[in-house]
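Structural characterization, general
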Amino acid sequence: MSLNDVLGFENSSGLYASTPKEDFLNHAWQDKNSIIRIEQLEAVVRDKIAPAALSEIRDGLKKVGMSIRLNPYIMELIDWRNVETDPIRRQFLPMISELEADHPCMSVDSLEERNTSPAPNLVHRYPDKVLFLVTSVCPVYCQYCTRSYAVGQDTPSLQKDNVTSANGWAAALDYIRSTPTIEDVVVSGGDIARLKPQNIKVLGNALLDIEHVRRIRFATKSVSVQPMKFLSDDAWFSAIAEVAKRGRDMFKSVFVHTHFNHPREVTPLVEKAMRRLFAESIYVRNQAVLLRGVNDDSKTLIELTKKLGRVNIQPYYVYSCDMVMGTEHFRVSIEEMQHLEREVRGATAGFNTPLFIVDAPGGGGKRDVHSYEYRNDKYGVTGYRSPSVDRNRMYFHFDPLRTLDAEARAEWRAPGGREAILERLRLAKPIPVAAE
Ligand code: SF4
C-alpha cells in the first residue's frame, strides 16, 4: 500500500515517500516528527514550494498568535504545488497576504468562556451541560481555534492561559458531582488525543460514577488529523473503548466528537480508523467550522457531508468561525452562511445533514443561523436571543468588514467608530427583550 493509497490523494506531495510505511502509520512516529518551528518546515518543504510562498508563510507565522504543529500525515495532505490556495494548508499555516485586520468587535475569548467558569477548567453555560477543559495541547494546531487563548504554546503575540493536567481535575469533578442538573459533559481542551490512556480511564470512570451524568462526549480532532492514533495506539484506543462499553452497560452514552472541514480529509486511513470505532459501537459526530477559502462553497460542503456519512461519522454541526482575534480572513457573513445552509439541506437525508450554527459571541451559546431576531444590513450586525442562557439579553454577531460597503467599513475602522456605531444602533447596552 503506497502513501497515496493511505491518503486517497492521488498527487500526495511525496514529502515522506522514503519513510517506511510502518513508521508513517505509527502515531508515535507522527508525533515525534511533527513540525513545530518554521525552521523545521523550511527544511522539509524548501524544494517543493517557491521561495516567495515560503516567505509568505514565515511572515504570516510571525504575525499570528496561534502555535503551529503539523504532523507528517497533514504535511502529506497539503498540495504544496498549489500551496497558495490549498484548503488544508490554509487551516494550519497562515500566509501574510491573506490575513485581514480584525473587526473591532473581535476578542481573545469571544464566547466569554472564562466568565462562565464555576471551577478551574470548567465552563458551565447551559443548565444541563458543562465543558471540561482537560488539556491545552493538540496533535495539530488550527489557526482559527476558538480557544487560542489557552491552547498551544505561548507565542510572541499571545501568552496562553494555563489549562489543566490530570492533577487539576478535582475541583471540576467536585462541581459536577454537586450539581445534579448536569447530565452532559464535553471532555475537550485541547484534544483528548494528548491524554494518557490511564487518565482517560480515570476521568471517564469518575464521570460515569456520577449518577446524574448521562452523556459524555470525548472531543478529539485526531480522527481527522491523526487517524493512525486509533489503529496503532492500542492502549489509548482500549481506554476509550472500555469507558464507552462501561457507559453502554450503565445505559449512558459515550460518544466521540471530531472535526473535519474538507472532504479531502476523509481518507482511506480515516475509514480504517472508523471501522475500528464502529466495531466497538463508538459513534462519532463531526463539528466542522465554516472557513473562507477552505469550505465556503456548497459543492465542498455537500461532498464533505456525504463523505462523512459514508464512513459513519454524523455531520452534526457546521459552525460559523468564532470572532476570535486573528481570524477575520476565515470568516463569512451570516447571509452567506444562510445561503450555504439552504444549498446543503436536501442534498442527503435530514438526519445526516449538519445544522448551521452561530455560537453567539458573548456566551449566548449555539443558535440556528436562521433564527436571528435583529438585523442591520448596513453594519452587518445580527442579534440572537438565547433564553436558556439569559432571557433578557440579545447576543450580537458582526459580519466580516470585507462584506460591508466602503462607507460602513470606514466607519467601523475610524477611531471611536465601534463605540459610535454601537451607540447609534443602541447596542452599547443589551437591548431589552419584551417579557414573554
Ligand atoms: S484541535 Fe481543536 S482545540 Fe486544538 S487547535 Fe484545533 S480547534 Fe483548537
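Along each chain, residue indices are assigned from 1 in the same order as the chain's sequence is written. Where totals are concerned, whole chains, interfaces and linings use all residues; where local detail is concerned, this predicted model gives features only for residues with pLDDT of at least 70, and gives and counts side-chain atom pairs only at 80 or more. Excluded from the side-chain calculations are hydrogens and water; all other atoms, namely the structure's heavy atoms, are used.

Each aromatic ring pair is described using two quantities: the centre-to-centre distance and the angle formed by the ring planes. Between rings of Phe, Tyr and Trp, where Trp is taken as its six-membered ring, a pair exists when centres lie within 6.5 Å; planes separated by under 30 degrees are stacked, by over 60 edge-to-face, and by other angles tilted. A complete count under the given rule lists 14 aromatic pairs for this structure. Pairing Phe-278 with Tyr-283 gives two aromatic rings, centres 6.1 Å apart and planes at 80°, and the pair type is edge-to-face. Each residue gets one of three labels from its accessible area relative to the maximum for its type: buried under 20%, exposed over 50%, partly exposed in between, using a 1.4 Å probe on protein chains only. We classify Tyr-283 as partly exposed; its relative accessible area is 38%. Ring-pair connections join several aromatic residues into one group, and the members of that group are Tyr-16, Phe-24 and Trp-29. We note Arg-276 situated over the ring of Phe-237; from NZ or CZ to the ring centre the distance is 4.1 Å. Only when the NZ of Lys or the CZ of Arg is both within 6 Å of the ring centre and within 35 degrees of the ring normal is a charge said to sit over the ring.

Nearness is defined per residue: one heavy atom within 4 Å of the molecule or strand is enough. Around the ligand, the neighbouring residues are Met-66, Cys-138, Tyr-141, Cys-142, Cys-145, Val-151, Gly-190, Lys-221 and His-259. Definitions used throughout: a 1 Å grid over protein atoms alone; a cavity as a set of points that fits a 1.4 Å probe which cannot get out; a pocket as an open set with protein on both sides within 12 Å along at least five of seven lines; a lining residue as one with an atom within 4 Å of a point. Grid points define the cavity or pocket, and a molecule sits in it when more than half of its atoms lie within 2 Å of them. The site holding the ligand turns out to be the largest pocket. Each residue gets one of three labels, nonpolar for Ala, Val, Leu, Ile, Met, Phe, Trp, Tyr, Cys and Pro, charged for Asp, Glu, Lys and Arg, and polar for the others, Gly among them. Classifying every residue of the shell around the ligand gives six nonpolar, two polar and one charged.

To continue, consider the sheet that holds strand S11 (residues 381-386). Strands are labelled as partners when DSSP assigns at least two bridges between them. The way it works is that DSSP assigns letters per residue, a run of H or I at least four long becomes a helix, a run of E at least two long becomes a strand, and they are numbered from the N terminus. In space, the three strands of this open sheet follow the order S10-S11-S12, with antiparallel pairing throughout. Of all the strands in the sheet, the pair left with one neighbour each is strand S10 (374-376) and strand S12 (390-398). Here the strands of the sheet are splayed against their neighbours by 20° on average, with no regard to which way each runs. In the sheet, S11 pairs with S12 via six bridges, with the strands oriented antiparallel. Bridge pairing in S12 links Arg-385 to Met-394. Interaxial angles span 0 to 180 degrees and are taken between N-to-C directions of axes, which are lines fitted to C-alpha atoms, for helices over the stretch in contact.

One less than the number of residues in a helix, times 1.5 Å, gives the span that helix is expected to have. With 12 residues, helix H9 (residues 197-208) ought to run about 16 Å at 1.5 Å a step, and its terminal C-alpha atoms sit 16 Å apart, in line with that. Turning to H9, its buried residues are Asn-199, Ile-200, Leu-203, Gly-204, Ala-206, Leu-207 and Leu-208. Buried residues along H9 sit in contact with strand S2 (129-133), helix H8 (170-177), strand S3 (184-188), strand S4 (215-219), helix H12 (234-249) and strand S5 (253-258). Every residue pair with non-hydrogen atoms within 4.5 Å of one another is taken to be in contact.

Quick look at the domain arrangement of the chain now. Where each domain begins and ends follows an automated or database-derived domain assignment. Each domain of the chain was delimited in the assignment, giving domain 1 (3-98) and domain 2 (113-424). A straight line from the C-alpha centre of domain 1 to that of domain 2 covers 24 Å. Across the boundary between the two partners, domain 1 contributes 35 residues, which contact 41 residues of domain 2. Once two parts are joined, some of their accessible surface, as seen by a 1.4 Å probe, is lost; buried area is that loss totalled over both. Summed over both partners, the interface of domain 1 with domain 2 comes to about 3100 Å²; 54% of that surface belongs to carbon and sulfur atoms. The largest contributions to the domain 1 side of the interface with domain 2 come from Met-66, Arg-69 and Gln-91, which together make up 25% of the buried area. Salt bridge, as used here: a side-chain nitrogen of Lys or Arg that lies within 4 Å of a carboxyl oxygen of Asp or Glu. Summed over the shared surface of domain 1 and domain 2, the number is two salt bridges.

Another aspect to go through is the layout of surface pockets. Volume-wise, the largest pocket comes out at about 990 Å³. Around the largest pocket, the lining comprises 43 residues; the ones closest to its centre are Thr-146, Arg-147, Ser-188, Gln-287 and Tyr-319. Elements represented by at least two residues in the lining of the largest pocket include exactly strand S1 (122-124), S2, S3, S4, S5, strand S6 (284-290) and strand S7 (313-320). It is S7 that provides the largest number of residues to the lining of the largest pocket, a total of four residues. When the residues that make up the lining of the largest pocket are grouped by side-chain class, the tally is 21 nonpolar, 11 polar and 11 charged. Grid points are joined across faces, edges and corners, and a volume is the space filled by probe spheres set on the points.

With that out of the way, let us pick up the sheet that holds S6. A sheet is described by the order of its strands in space; here nine strands give the open sequence S1-S2-S3-S4-S5-S6-S7-S8-S9, paired in mixed fashion. Edge positions in the sheet fall to S1 and strand S9 (365-368), since each of these pairs with one other strand and no more. Across the sheet, the mean angle separating the axes of adjacent strands is 30° when strand polarity is ignored.

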